[in-house]
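Observations on the model geometry
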Amino acid sequence: MDLLHYLIFYPSDILFVEHHLATLFIFLTCRYLVTKGCRKAWALANAQRMDNEFAAKVFDVLSPPFYAFYSVIRGFLGPYFVYQMGSSYISGVAEGVIPKWVWVSWLIVVTLAISVSILWVLNLWAQLYREKSAKLAKKLT
């Protein structure tokens, strides 16, 4: 709604418009394209993989591309956008428009959220590695 409001009444506020366009892009691509389809199938397969061979195969097929996508989005693009946002605010572009405590809190919250997402993905990669290593060791013995 904020984006629509600014596009109509303040289209020259490029920083605000770009920020909301970037957020909308992430929501649409990450949440709806991956989370709605791949993530739900992955989560369901993960929940059933110990009891169902087909679910285990689906989980094994979906995990690497799902983890890779999240690694790129949360590990590289997310921090890049936070850096850009922080650089803009620090430069003073929002001075007099957005109180400093607000944009600092935004940066802290977004940085923490991305950090937790990165830890989550790293943990998934580590778990995948452990499982693949265990399967390989089992095959070799």
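Placed above this text is the structure.
The structure reproduced in this document is the subject of the present report. (Residues numbered from 1 in each chain as written. Predicted model: local features only at pLDDT ≥ 70, side-chain atom pairs only at ≥ 80, totals over all residues. Heavy atoms only, no water.)

A word on the nonpolar core
Judged by nonpolar contacts, Trp-42, Ala-45, Ala-55, Phe-59, Phe-66, Tyr-67, Tyr-70, Val-121, Leu-124 and Leu-128 together constitute the single largest core of ten residues. Sorting the residues of this core by element identifies α2 (14-48), α3 (53-90) and α4 (100-140) as the ones contributing at least two each. Broken down by element, the residue count for this core peaks at five residues, all from α3. Counting nine residues, the second-largest nonpolar core is a separate cluster that includes Val-82, Met-85, Ala-94 and Ile-98. (Core = buried A, V, L, I, M, F, W, Y, C linked by side-chain atoms within 4.5 Å. Buried < 20%, exposed > 50% of the residue type's maximum accessible area, 1.4 Å probe, protein only. Helix = DSSP H or I, 4+ residues; strand = E, 2+ residues; numbered from the N terminus.)

Overview of α4
A rise of 1.5 Å per residue sets the reference length of α4, with its 41 residues, at 60 Å; its end C-alpha atoms lie 59 Å apart and thus fit the reference within 8%. The complete set of buried residues in α4 reads Val-102, Trp-103, Leu-107, Ile-114, Ser-117, Val-121, Leu-124 and Leu-128. (Expected span 1.5 Å × (residues − 1).)

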